[in-house]
Amino acid sequence: MNFSFATASKIIFGNHSIDQVPTLIREFGHKVLLVCGRNVQRAEELAGNLDPGIEVTFFQVESEPTTHLVTAGMELAREKECDVVVAIGGGSVIDAAKAIAAMATNKGELMDYLEVIGRGKPLLEKPLPCIAIPTTAGTGAEVTKNSVIKSPDQHVKVSLRSDFMYPDVALIDPVLTYSMSPELTASTGVDALTHLLETFVSNQANPFVDMLCREGLHRISRSLLKAYKNVEDKVAREDMAMASLLGGMALANVKLGAVHGFAGPMGGMYPIPHGTVCASLVSAVIEMNIEVLSESGGDLSKFEELAKILTGSQKAKAEDSIVWVENLVSALNIPPLSAFGLTEHDFPMLVEKAKVSSSMKGNPVLLGDEQLSWILEKSL
């Protein structure tokens, strides 16, 4: 029962809660770096509703944040002497904004602070205040303490991570997710499912995070397919926004597992959407974890409970979770890894990179090279 828990300083959830942003910004200053995605219309509308006298500098994130993009954003925030960073967009936008807010106040270069490929130094100064407003339901980045950043030079995704990096405000307005396509609803939704699933069975799991995971898994099991089939299903959209939030809170406090252990290096090597990576790998990872636990006489109770939650049947066995996830991914029409050019030739490098990833340390069992290669082969 020993655990700690941290999250964003303030969480605001509800339809049309974006209307509160002008009031929130007043608390932090009058020079805003507004970080947005490809579509700037929503950010422009937000800027238009701010108080007179607020200076807004736009910074666009058109794809996953890279080391070069974060550096450019950091330099812009410093040049404009911004008081607050506001992010409105998907996980990539929010990750970029958190990293920019952190680097704007800390001396040196981004590489000084990055994990794995950088020097891994701790942040010494608090970041600029950050308001995170997700427009997708999956990453939970609005309540996490890290930014996932791609290094084009090393072909890998790594994290900038610090307890300082939780946003000051996480504002979740489910209405903002209505514009997601069915395809984006599917991939981001499976990302949220994987966050909840992996933290629930993690070797670092605790009763407090388990509580969040159970609630999120229930909501996803009843609503992801509904949101995919009907993008305007208000109840399903609320469920998915809440599940994404809960998944982010969980992964910020408990390490994930083998799915995300592979996701970092795989996303760095290939242009595969993160949610698609999760969808391709998750059933095989569950299957391998259950097999290893069964052979070693380990405790399967978490996987049995997972199966009961997902299927809605109290008679479900651990293995039923594998079938449920496979059927879900099939119904969501998410393409396999082979559709993005990944082949067996890449397995050895992926296995080596995955073994040293931070997320792999949370997997419920230790997986060897052969077992990790089997997961990739099954997911291809």
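Please refer to the structure placed before this passage.
Rules and cut-offs
Within each chain, residues carry numbers counting from 1 in the order of the written sequence. Totals for whole chains, interfaces and linings use all residues, but because this is a predicted model, local features are given only for residues with pLDDT of at least 70 and pairs of side-chain atoms are given and counted only at 80 or more. In computing side-chain properties, one takes all heavy atoms of the structure into account and sets aside hydrogens as well as water. Definition used in this section: a nonpolar core is a set of buried Ala, Val, Leu, Ile, Met, Phe, Trp, Tyr and Cys residues joined via side-chain atoms within 4.5 Å. Each residue gets one of three labels from its accessible area relative to the maximum for its type: buried under 20%, exposed over 50%, partly exposed in between, using a 1.4 Å probe on protein chains only. To qualify as a helix, a DSSP run of H or I must reach at least 4 residues; to qualify as a strand, a run of E must reach at least 2; elements of each kind are numbered from the N terminus. When checking whether two residues touch, look at their non-hydrogen atoms; a contact exists if any pair is within 4.5 Å. Just to be clear on terms, a salt bridge is a Lys or Arg side-chain nitrogen sitting within 4 Å of an Asp or Glu carboxyl oxygen. The definitions used throughout rest on a 1 Å grid laid over the protein atoms alone, on which a cavity is an enclosed set of points accommodating a 1.4 Å probe that cannot get out and a pocket is an open set flanked by protein within 12 Å on both sides along at least five of seven lines; lining residues are those having an atom within 4 Å of a point. Grid points are joined across faces, edges and corners, and a volume is the space filled by probe spheres set on the points. Note on residue categories: nonpolar means Ala, Val, Leu, Ile, Met, Phe, Trp, Tyr, Cys or Pro, charged means Asp, Glu, Lys or Arg, and polar means any other residue, Gly included. Paired rings are identified among Phe, Tyr and Trp, the last through its six-membered ring, by centres lying within 6.5 Å, and are further divided according to the angle between planes into stacked (under 30 degrees), edge-to-face (over 60) and tilted (the rest). Throughout this description, the term charge over a ring refers to an Arg CZ or Lys NZ atom that lies within 6 Å of the ring centre and within 35 degrees of the ring normal.

J.: What is the right way to read the nonpolar core from this model?
T.: Most often, soluble globular proteins have nonpolar side chains that are buried together. If you look at the biggest cluster of nonpolar residues, it comprises 75 residues, and the most contacted ones within it are F262, M266, L281, F303 and I375. Ranked by residues supplied to this core, first place goes to helix α9 (residues 274-296) with 12 residues. F303 has contacts with V201, I286, N289, I290, L293, A318 and P364, leaving out every residue within four places of it along the chain. Core analysis: the next-biggest nonpolar cluster, separate from the first, contains 35 residues, F59, M74, A97 and V158 among them.

J.: Where do I start with the pattern of salt bridges in this structure?
T.: Pairing is possible between side chains of opposite charge, provided their charged atoms come close. If you walk through the whole model with that rule in mind, you get 15 salt bridges. Linking D239 and R222 is a salt bridge whose minimum nitrogen-to-oxygen distance equals 2.8 Å. You can see D239 sitting in helix α7 (residues 234-251) and its partner R222 sitting in helix α6 (residues 207-229), a full 17 residues away along the chain. Look at R222 and you get partly exposed, because its relative accessible area is 45%. Connected via shared salt-bridge partners are E215, R219, R222 and D239.

J.: What is the right way to look at empty space enclosed by the protein in this model?
T.: It is a probe the size of a water molecule, rolled over the atoms, that shows where empty space is left. For the coordinates displayed, the defined rule picks out three cavities of 30 Å³ or more. By volume, the largest cavity amounts to about 50 Å³. Lining the largest cavity, in full, are L197, E198, V201, L256, G257, V285, I286, N289, F303, N363 and P364. Mapped by element, the contributors of at least two residues to the lining of the largest cavity are α5 (182-201) and α9. In terms of residue class, the lining of the largest cavity is made up of seven nonpolar, three polar and one charged.

J.: Got a minute to help me understand the layout of surface pockets in this structure?
T.: The volume enclosed by the second largest pocket comes to roughly 190 Å³. Taken together, A279, S280, S283, A284, E326, V329, I334, P335, P336, K378, S379 and L380 make up the lining of the second largest pocket. Broken down by secondary-structure element, the contributors of at least two residues to the lining of the second largest pocket are α9, α11 (320-331) and α13 (369-379). With four residues, α9 is the single largest residue contributor to the lining of the second largest pocket. Taken together, the residues of the lining of the second largest pocket break down into seven nonpolar, three polar and two charged.

J.: For this particular structure, what's the right way to read the packing of aromatic side chains?
T.: Applying the stated criterion across every chain yields a total of two aromatic pairs. Each ring, one from F3 and one from F208, has its centre 5.9 Å from the other, and the planes form 25°; the classification is stacked. Linking F3 in the segment before β1 (10-13) with F208 in helix α6, this pair joins segments that are 205 residues apart in sequence. Among the aromatic residues, those joined into a cluster by ring pairs are F3, F5 and F208. Here the basic side chain of K302 rests over the ring of F200, its NZ or CZ set 4.6 Å away from the ring centre.

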